[in-house]
Amino acid sequence: MGKKDSIIYLKSEEELEIIRKNGQILGKAHAEVAKIVEAGVTTKALDKVAFDYIKDNGGEPSFLGYNGFPASLCISLNEVVVHGIPSNRVLKDGDIVSIDCGVFKNGYHADSAYTYTIGEVKSEVLELLKHTYQSLFKGIEQARIGNRVGDISFAVQSYAEKFRYGVVRELVGHGVGRHLHESPEVPNFGKRGNGPKLQEGMVIAIEPMITLGRRSVVQENDGWTIRTEDRKQAAHYEHTVVVRKGSAEILTTFQYIEEVLEKKNLVIA
């Protein structure tokens, strides 16, 4: 979604606290969207809910206007992997929808994504969501001092490929901070021991993008929407984390989303 600065910026505890607070706003914005994610709702309506909540809480939607992106949310249905543009398209029973959002406030960004089910979804698609979700946390487990980016990448890839899923190569996680996209890139594929060394204070977005079929993707004519080439479904989950000793600290949150899903008796991956 944009070029990254080649410098890796380590964040102070004061900077981390700002990102953590933004992560709370972001998690609650996601939850407001989760409340109305259901058949019959347009993706544009979801976008307005997120925009209003973020603005009401003193933030700015990170994506709106970023390199010309026209919305607050990336809303990606079914075979769309990422960067779907909100529209008058109506959600329908059997859809899955990945919602990616960012919050900018007090000079820093937070970034996260979650994939939702609409009504009755095929069991193989539910399994895709469950394993993509788990692959995110497999990656996060490796985001600790002394490891390298490749350890995160290998953890995501090796877990997802156990289930014969496609791991998208063209799109990657990234550093987060004063800029929405910073170094280092965090691929969802790679070798253990490769890539930049993980250091205390590195803030990164880990975001597995996993497909039910082949891993190859194409870009639509709108210049944004990325879908699977074989038109099979894709799932996307993302957290912003900071590298720590022993284990990473997650700066964003799924808590508020999953509280809403529990109340609606919907599937939590």
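Note: the structure precedes this text.
Residues numbered from 1 in each chain as written. Predicted model: local features only at pLDDT ≥ 70, side-chain atom pairs only at ≥ 80, totals over all residues. Heavy atoms only, no water.

Q: What's the story with the pairing of strand 2 (residues 73-77) in this structure? I'm lost.
A: Regular strands show a simple pattern: their side chains alternate between the two faces of the sheet. Taking burial as the measure, the five residues of strand 2 include five buried ones, the bulk of the element. Residues L73, I75 and L77 of strand 2 are buried on one face, and the alternating residues C74 and S76, pointing to the opposite face, are buried as well. Bridge count for strand 2 against strand 4 (residues 96-105) is five bridges, and the pairing is antiparallel. Note that in strand 4 the partner of L77 across the bridge is V97. (Buried < 20%, exposed > 50% of the residue type's maximum accessible area, 1.4 Å probe, protein only. Helix = DSSP H or I, 4+ residues; strand = E, 2+ residues; numbered from the N terminus. Pairing = 2+ DSSP bridges.)

Q: How should the sheet that holds strand 6 (residues 166-167) be read in this particular structure?
A: Neighbouring strands of a sheet are bound in pairs by backbone hydrogen bonds; such pairs are parallel or else antiparallel. Taken in spatial order, the three strands of this open sheet run 6-10-13, and their pairing is antiparallel. Each end of this open sheet is capped by a strand with a single partner; those strands are strand 6 and strand 13 (234-236). Here three bridges tie strand 10 (residues 209-211) to strand 13, and the two strands are oriented antiparallel to one another. Bridge pairing in strand 13 places I210 opposite A235. Each of strand 10 and strand 13 is contacted by helix 3 (residues 123-141), which is oriented at about 35 degrees to strand 13, the strand it contacts most. (Contact = heavy atoms within 4.5 Å. Axes fitted to C-alpha atoms, helices over the stretch in contact; angles between N-to-C directions.)

Q: Please clarify how the nonpolar core should be interpreted in this entry.
A: Inside soluble globular proteins, nonpolar side chains tend to come together where they are buried. Ranked by internal contacts, the top residues of the largest apolar core, which has 63 residues, are V37, L46, V97, Y116 and I206. When residues of this core are assigned to their parent elements, the largest contribution, eight residues, is made by helix 1 (residues 13-34). When residues no more than four places from it in sequence are discounted, the contact partners of V97 are V37, I75, S76, L77, L91, Y114, T115, Y116 and I118. Residues V81, V82, V168 and V217 belong to the second largest nonpolar core, which totals eight residues. (Core = buried A, V, L, I, M, F, W, Y, C linked by side-chain atoms within 4.5 Å.)

Q: In this structure, what is going on with the environment of S76? I would like to understand it.
A: With respect to the helices, strands and loops of the structure, S76 is situated in strand 2. You can call S76 buried: its relative accessible area is 2%. In this structure the C-alpha to C-alpha distance between S76 and T43, which are 33 residues apart in sequence, comes to 9.2 Å. Of note is the side chain of S76, whose polar atom sits 3.5 Å from the backbone nitrogen of H83. A polar contact is formed between the side chain of S76 and the backbone nitrogen of G84, at a distance of 3.2 Å. (Polar contact = N/O pair within 3.5 Å; in protein donor to acceptor, adjacent residues only side chain to side chain.)

Q: Looking at this model, I keep getting lost on the packing of helix 1 against helix 2 (residues 43-56). Mind explaining?
A: For any two helices packed against each other, one specifies the crossing angle of their axes together with the interaxial distance. It is the contact of helix 1 with helix 2, at a shortest axis distance of 9 Å, that shows an interaxial angle of 145 degrees. Considering how the two elements wind past one another, helix 1 and helix 2 form a crossing that is right-handed. Contacts between helix 1 and helix 2 involve I25, K28, A29, E32 and V33 from the former and L46, V49, A50, Y53 and I54 from the latter. For the contact of helix 1 with helix 2, a count of residues per class yields eight nonpolar, no polar and two charged. (Left-handed = near helix turned anticlockwise from the far one by under 90°. Nonpolar A, V, L, I, M, F, W, Y, C, P; charged D, E, K, R; others polar.)

Q: What exactly am I supposed to notice about the pairing of strand 4 here?
A: Buried residues dominate strand 4, accounting for eight of its 10 residues. Inspection of the sheet shows strand 1 (residues 60-61) paired to strand 4 by two bridges, in the antiparallel sense. In the strand pairing of strand 4, P61 is matched with V103. Bridging between strand 4 and strand 5 (residues 108-117) involves 10 bridges; their strand directions are antiparallel. Bridge pairing in strand 5 places D100 opposite A113.

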